[in-house]
Amino acid sequence: MSIKHGLLALLDQGPRYGYQLRSEFEARTGSTWPLNVGQVYTTLGRLDRDGLVAPDGEDAEGHVFYRITEPGRAELRAWFDAPVSRTNPPRDELAIKLAMAVTVPGVDIATVIQGQRSHTLRALQDYTRLKTRAAEDDLAWQLVLESLIFHAEAEVRWLDHCETRLARRAAEHAPAPAVEQPAPPRKRGARR
């Protein structure tokens, strides 16, 4: 997630101080990705160092306001214009967990998958409920919720796929059933 670019987008709408930026960022994303105010000020410091923002005075309470600079606007436009790269995918804790679970003896991978599926389905229901209650005119929050819904749906499909792969692999590695050999024919005249 680009906190840097999120802050630049907010500053493009006018000067703000750190706590305002944090509050607006969380409001626009439905607090899905909460920010620590220290993170905001650290990022503002880097943006200032790089010439992308500049201090813009203080209020009576001593809050330092920041404004976006022209190089900051150019950076923001470049970010909006460029697609999000998929060459370095973010770490996915669930994918890592399942990759480890299939290699560690004694882990019941089916139980891990079922537990995650139940959790993800509950989250999907929660996101769907939130979406039905979200204000129609709050497009930013609607888009974030729809992204969460699509990700949860994809995760459930992927878990189904994992379960199918594991079942197929288990069937391929299962010992062949023992074939009963027919009893040898009895000789004529032999007594039982």
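Residues numbered from 1 in each chain as written. Predicted model: local features only at pLDDT ≥ 70, side-chain atom pairs only at ≥ 80, totals over all residues. Heavy atoms only, no water.

## Quick look at the overall build of the protein chain
Stage number 1. Helices and strands together make up the secondary structure of the protein chain, namely seven helices and two strands.
Stage number 2. N-terminal to C-terminal, the α/β element order of the protein chain is α-α-α-β-β-α-α-α-α.
Stage number 3. Taken over C-alpha atoms, the radius of gyration comes to 29 Å for the protein chain, far larger than the 16 Å a tight globule of 192 residues would show.
Stage number 4. Seen through its C-alpha atoms, the protein chain measures out along the principal axes to roughly 115 × 35 × 30 Å.
Stage number 5. Looking at the protein chain residue by residue over its 192 residues, the buried ones come to 26%.
Stage number 6. Sequence separation of 24 or more characterises 50% of the internal contacts of the protein chain that already satisfy a separation of 6 or more.
Stage number 7. Of the accessible surface of the protein chain, which amounts to about 13,800 Å², a share of 55% is contributed by carbon and sulfur atoms.
Stage number 8. Of note, the protein chain has its 26 positive side-chain charges centred 18 Å away from the centre of its 26 negative side-chain charges. (Helix = DSSP H or I, 4+ residues; strand = E, 2+ residues; numbered from the N terminus. Rg over C-alpha atoms; globule rule 2.2 N^0.38 Å. Buried < 20%, exposed > 50% of the residue type's maximum accessible area, 1.4 Å probe, protein only. Contact = heavy atoms within 4.5 Å. Areas by Shrake-Rupley, 256 points an atom, 1.4 Å probe, with all protein chains shown as cover. Lys, Arg positive; Asp, Glu negative; His and termini not counted. Charge placed at Lys NZ, Arg CZ, Asp CG, Glu CD.)

## A few points about the side chain of R117
Stage number 1. Take R117: it is sitting in helix α6 (residues 109–133).
Stage number 2. A polar side-chain atom of R117 sits 2.6 Å from a polar atom in the side chain of Q114.
Stage number 3. A polar side-chain atom of R117 sits 3.0 Å from a polar atom in the side chain of E163.
Stage number 4. Not counting residues up to four positions away in its chain, the partners in contact with R117 are L159, D160 and E163. (Polar contact = N/O pair within 3.5 Å; in protein donor to acceptor, adjacent residues only side chain to side chain.)

## Comments concerning the pattern of salt bridges
Stage number 1. Within this structure, the stated rule accounts for 13 salt bridges.
Stage number 2. One salt bridge connects E26 with R22, and the closest N-O pair in it is separated by 3.7 Å. With E26 and R22 both in helix α2 (residues 18–28) and four residues apart, this pair spans about one turn of that helix.
Stage number 3. Residue class for E26 comes out buried when judged on its relative accessible area of 13%. (Salt bridge = Lys/Arg side-chain N within 4 Å of Asp/Glu carboxyl O.)

## Remarks on the pairing of strand β1 (residues 53–58)
Stage number 1. Judged from the four bridges that link them, β1 and strand β2 (residues 64–68) form a sheet pairing that is antiparallel. Looking across to β2, one finds that A54 is bridged to R67.
Stage number 2. In this structure, the hairpin formed by β1 and β2 is closed by a connection of five residues, where G62 is found at a positive phi of approximately 90 degrees. (Pairing = 2+ DSSP bridges.)

## Remarks on the layout of surface pockets
If a probe as big as a water molecule is rolled over the atoms, it shows which places are left empty.
Stage number 1. Of the voids in this model, the second largest pocket is the one considered here, and its volume is about 240 Å³.
Stage number 2. For the lining of the second largest pocket, the elements supplying multiple residues, two or more each, are α5 (93–101), α6 and α7 (139–173).
Stage number 3. Sorting elements by how many residues they give to the lining of the second largest pocket places α7 first, with six residues.
Stage number 4. Grouping the constituent residues of the lining of the second largest pocket by class yields nine nonpolar, one polar and two charged. (1 Å grid on protein atoms, 1.4 Å probe; cavity = no way out; pocket = protein on both sides within 12 Å on 5 of 7 lines; lining within 4 Å. Points joined across faces, edges and corners; volume = space filled by probe spheres on them. Nonpolar A, V, L, I, M, F, W, Y, C, P; charged D, E, K, R; others polar.)

## With respect to the packing of helix α1 (residues 3–11) against helix α4 (residues 70–81)
Stage number 1. Interaxial distance between α1 and α4 falls to 10 Å at its minimum, and their mutual angle equals 115 degrees. Viewed along their axes, α1 and α4 form a crossing whose handedness is left-handed. In contact with K4, H5, L8 and A9 of α1, α4 contributes G72, E75, L76, W79 and F80.
Stage number 2. Here the residues of the contact of α1 with α4 sort into five nonpolar, two polar and two charged. (Axes fitted to C-alpha atoms, helices over the stretch in contact; angles between N-to-C directions. Left-handed = near helix turned anticlockwise from the far one by under 90°.)

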